[in-house]
Amino acid sequence: MNKLEKANKYIKENISSVKNRPSYHLTPEIGWINDPNGFCYYKGKYHLFYQFYPYDVRWNDMHWGHATSKDLINWCYEDVAMANDTLADANGCFSGSAIVKDEKLYLMYTGHLDPNLGFPPNFNEVLQQQCIATSDDGINFTKYENNPVISQFDLPEGYRKSDFRDPKIVEKDGVYYVVIAVKNLAERGEVLLYKSLDLYKWDFVSSIYKSKHEENMMIECPDLFSIDGKEVIIFSGMPCNPIYDKSVGNTTEYLIGNLNFQTGEYTLEARDILDYGNSFYAPQSMENPENERIVIGWMKKWLSSSIVVPKDYGWSGMMSLPRKLSVDSNRLIQNPVLSIENYMVSKEEIKLSELNEEFIFHKDSNNVFNFRCAINTDSNNSIIYKLFGNNDKSIRIVIDLLENTVTYISDFDNIKEVYNVSTKLLDNEQIVLDLYLDKYSIELFVNKGKSVFSFTSFNEGKGNSFSLSSEKSAKFIYAEINQINVE
Ligand code: FRU
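These remarks concern the structure in this document. As the structure is a prediction and not an experimental result, all values here were calculated from the model.

Considering the overall build of the protein
- Along its length, the protein carries 2 helices and 33 strands.
- Structurally, the protein occupies a C-alpha span of about 65 × 50 × 45 Å along its principal axes.
- Here the protein holds 487 residues, and the buried ones make up 61% of them.
- For the protein, contacts bridging at least 24 residues in sequence account for 59% of all contacts bridging at least 6.
- Between the centroid of the 49 positive side chains of the protein and the centroid of its 68 negative side chains there is a distance of 2 Å.

What about the sheet that holds strand β8 (residues 142-143)?
- Strand order across the open sheet formed by 4 strands is β5-β6-β7-β8, with antiparallel pairing between neighbours. Each edge of the open sheet carries a strand with a single partner, namely β5 (93-101) and β8.
- When strand β6 (residues 104-113) meets strand β7 (residues 127-135), the two strands line up antiparallel, connected through 9 bridges. In the strand pairing of β7, tyrosine 109 is matched with cysteine 131.

Looking at the site of the ligand
- Around the ligand, the structure places Asn34, Asp35, Gln51, Trp59, Met62, Phe94, Ser95, Arg165, Asp166, Glu220, Tyr281 and Trp302.
- At 3.2 Å, a backbone N or O of serine 95 approaches an oxygen atom of the ligand.
- Between aspartate 166 and the ligand, the recorded distance is 2.6 Å, taken from a side-chain N or O atom to an oxygen atom.
- Within the residue set of the shell around the ligand, elements represented by two or more residues are β1 (31-42), β5 and β9 (159-172).

Concerning the pattern of salt bridges
- In this structure the tally under the stated criterion is 30 salt bridges.
- The closest approach of N and O atoms between lysine 45 and glutamate 78, which form a salt bridge, is 3.9 Å. In this pair, lysine 45 is assigned in strand β2 (residues 45-53) and glutamate 78 in the loop between β4 (75-77) and β5, connecting sequence segments 33 residues apart.
- Judged by relative accessible area, lysine 45 falls into the partly exposed class, the value being 28%.
- One salt bridge in this structure joins glutamate 341 and arginine 372, with 2.8 Å as the shortest N-O distance. Here the residue glutamate 341 occupies a position in the loop between β21 (331-336) and β22 (344-349), and arginine 372 occupies one in strand β24 (residues 369-376), the gap between them amounting to 31 residues.
- Looking at glutamate 341, the relative accessible area reads 28%, which means it is partly exposed.
- The network of salt bridges with common partners includes Glu341, Lys347, Arg372, Asp434 and Glu480.

A short note on the sheet that holds strand β11 (residues 189-196)
- An order of β9-β10-β11-β12 is seen for the 4 strands of this open sheet, with the pairing classed as antiparallel. If you trace the sheet from one side to the other, it starts and ends with β9 and β12 (203-210), each paired once. Averaged over all neighbouring strand pairs, the angle between strand axes comes to 25°, with direction disregarded.
- For β9 and strand β10 (residues 175-184), the ladder comprises 8 bridges, and the chain directions are antiparallel. Looking at β10, one finds that glutamate 171 is bridged to tyrosine 176.

Cut-offs applied
Residues numbered from 1 in each chain as written. Predicted model: local features only at pLDDT ≥ 70, side-chain atom pairs only at ≥ 80, totals over all residues. Heavy atoms only, no water. Helix = DSSP H or I, 4+ residues; strand = E, 2+ residues; numbered from the N terminus. Buried < 20%, exposed > 50% of the residue type's maximum accessible area, 1.4 Å probe, protein only. Contact = heavy atoms within 4.5 Å. Lys, Arg positive; Asp, Glu negative; His and termini not counted. Charge placed at Lys NZ, Arg CZ, Asp CG, Glu CD. Pairing = 2+ DSSP bridges. Near = heavy atom within 4 Å. Polar contact = N/O pair within 3.5 Å; in protein donor to acceptor, adjacent residues only side chain to side chain. Salt bridge = Lys/Arg side-chain N within 4 Å of Asp/Glu carboxyl O. Axes fitted to C-alpha atoms, helices over the stretch in contact; angles between N-to-C directions.

Geometric descriptors of this kind do not, in isolation, establish any biological role.
Below is the structure:
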């Protein structure tokens, strides 16, 4: 039995032990997931692959797990797409992307080689190169026999072949481009651009982005796309040197600017954090049949307080709600895909009222719902959510309109984190809040997607009160609770 068959057999035999999944967030069928990979639309369905280790709830030999969906919310597991079973990817099929060409689905991913399976790895021995696999049905994949297609020898001088990964392909005017993350010899992250006419032979174009020395940043999972007349680059950063763990953390950022695809020159116009919370990393985007740009991220970060569920649940990690992107006044706007509305089974409008004391909306819920409101107030105020609470412990999200910060406090996990937000949270004396709760997660979209916060928490059995309050006087313009049910 080969490695792929072994993984599929293991899943079939052990799937019944997996329990307590979230209600509308995609988890691995069993075991561990991290990054979303190969996000695409092919033959009438959305396909989402992911970094996957079926045999335990921890990171190990990376396979590509696979799920498909008609609407990005209700997912169906497919057979594992790839295992690390060739000379080019013997120690892991790392992150990558998908593109459709001549009716075929192409996956491009990083073949990871580490002879000592060292952790932390010895960079002198690790090799990362880019590989291709193809499929005619979107389910069964054949790896290209001459992998890698972008090898260590295609890497210009000045870069480390040990940190050269996460290819994201894009097509522009009949030419294929790929962005790949790399660490340079000064130990900083860069995004390299290559181009190809056939997806097999690639030529280096340029380095389109370099992190600054003082940022101490390695870049992972770059994404590049054109939208509303701009080119957006998204990347996830992590410290190059572990002593900066605390100050760099893992951040997902976006850049807005213009890319000259001929010269490979990127002109940066704006930069910001894609998701301020502690549980969003390595996002990947795709274009849907309506030409909309959709992004999905892993709801965890490598170095963060994001919480994991107990080991005996049999799964670890989940994907965020997919979000639709647009650009407005040089900001990236993100809102949940509209199809989530189809799963809102009951809508309860709440009568307009003053919001000065704690306002308890909902007591006996299963913690799976959406709560939307718009609030009128002045800037000398804080709005406070209290979630998953009981009498003495809760999770709180404090939106300080004067300081322009959002603070996440969990009494259960002893966490208090303050996020400085770059845009004004109060917009013309008004703040619009769209909150999605699932059993283990909180996603907050502020002011119609201008800033977004994702958190994970494990609070099963710890209480389910939900309230909103305001330090000073404030007025609801509207408020509604929508129960979400995805069967
Ligand atoms: C990001 C990442 C990628 C890599 C993958 C390995 O989370 O570190 O850079 O390809 O995970 O699983």
